[in-house]
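Survey of secondary and tertiary structure
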Amino acid sequence: MGKLTPTADVDSADVAEEGTLNAAGVGDWVALRGEANLVLSGNFVGEVILEASFDGGQTAHPCTANGSVVVFTAPAHELIFQPERGVLIRVRLRARTSGTLTWRLSR
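This structure is a prediction, so every number in the text was calculated from the model and none was measured.

**With respect to the overall build of the protein chain**
In terms of helices and strands, the protein chain carries zero helices and 11 strands. Written out in order from the N terminus, the α and β elements of the protein chain read β-β-β-β-β-β-β-β-β-β-β. The buried share of the protein chain, reckoned over its 107 residues, is 30%. Considering only contacts within the protein chain whose residues lie at least 6 apart along the sequence, 77% involve residues at least 24 apart. When the accessible surface of the protein chain is totalled, it reaches about 6300 Å², and 50% of it is carbon and sulfur.

**Points about unusual backbone geometry**
Within the chain, Asn66 stands out as a residue other than glycine whose phi angle is a positive 55°. Of note, Asn66 is situated in the loop between strand S7 (64-65) and strand S8 (68-69).

**Section: the nonpolar core**
Counting 19 residues, the largest nonpolar core has Leu40, Val48, Val91, Leu101 and Leu105 as its most contacted members. Of all elements in the fold, only strand S4 (34-42), strand S5 (45-53), strand S10 (88-98) and strand S11 (101-106) reach the threshold of two or more residues within this core. Among residues more than four places away in sequence, those in contact with Leu101 are Gly19, Thr20, Leu21, Leu40, Ser41, Phe44, Val48, Val91 and Leu93.

**With respect to the layout of surface pockets**
The computed volume of the largest pocket comes to approximately 230 Å³. Counting residues per element, the ones that place at least two in the lining of the largest pocket are S5, S7 and strand S9 (76-82). At five residues, the largest contribution of residues to the lining of the largest pocket is made by S9. Its residues placed into classes, the lining of the largest pocket shows 11 nonpolar, two polar and one charged.

**With respect to the sheet that holds strand S1 (residues 16-21)**
In spatial order, the strands read S1-S11-S4-S9; together these four strands make up an open sheet with antiparallel pairing. Sheet topology places S1 and S9 at the edges, where each strand pairs with a single neighbour. Strand-to-strand twist across the sheet, computed as the mean angle between neighbouring axes with direction ignored, equals 15°. In this sheet, S11 lies alongside S1 in antiparallel orientation, the contact comprising six bridges. Counterpart to Glu17 in the pairing with S11 is Leu105.

Definitions and limits used
- Each chain carries its own residue numbering, running from 1 in the direction its sequence is written.
- Local features in this predicted model are restricted to residues of pLDDT 70 or higher, and side-chain atom pairs are both shown and tallied only at a pLDDT of 80 or more, whereas totals for entire chains, interfaces and linings draw on every residue.
- Neither water nor hydrogens contribute to the side-chain values; these are computed over all heavy atoms in the structure.
- The helix count covers DSSP runs of H or I at least four residues long, the strand count covers runs of E at least two residues long, and both are numbered beginning at the N terminus.
- Burial classification: accessible surface area is computed with a 1.4 Å probe over protein chains only, and a residue below 20% of its type maximum counts as buried, one above 50% as exposed, and the rest as partly exposed.
- Contact criterion: two residues are considered in contact whenever any of their non-hydrogen atoms come within 4.5 Å of each other.
- A 1.4 Å probe and the Shrake-Rupley method give the accessible areas. Residues count as covered only by the protein chains that appear here.
- By nonpolar core we mean a set of buried residues, namely Ala, Val, Leu, Ile, Met, Phe, Trp, Tyr and Cys, connected to one another through side-chain atoms within 4.5 Å.
- Both cavities and pockets are sets of points on a 1 Å grid over the protein atoms alone; in a cavity a 1.4 Å probe fits but cannot get out, in a pocket the set is open with protein on both sides within 12 Å along at least five of seven lines, and lining residues sit with an atom within 4 Å of a point.
- Grid points are joined across faces, edges and corners, and a volume is the space filled by probe spheres set on the points.
- Amino acids are sorted into nonpolar (Ala, Val, Leu, Ile, Met, Phe, Trp, Tyr, Cys and Pro), charged (Asp, Glu, Lys and Arg) and polar (every other residue, Gly among them).
- Strand pairing requires that DSSP identify at least two bridges connecting the strands.
- Inter-axis angles, ranging from 0 to 180 degrees, are taken between N-to-C directions of lines fitted to C-alpha atoms, where helices are fitted over the stretch in contact.

So, in structure tokens, the structure goes:
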């Protein structure tokens, strides 16, 4: 979780936002630029996608790779890259069947 030791009090990330979702829904918007981390954990059964907003969070666009929406169905650690300033990123848990998703976006 961005700590140099298991007992450290301080997270070393420049920007870190995390949360849990127990039902289909979205996490908080996070302003990320450059290289960043996405961590998904928990016992969730469902689909998780990332969304981006270019207008301050009014409109959400699913993040894609080669034209297809990137969908996570299991715990993961993904390195992401956002080149543009002012873009917001969030996690969406969709099509949830059961369990809890714990998410973290950081850089």
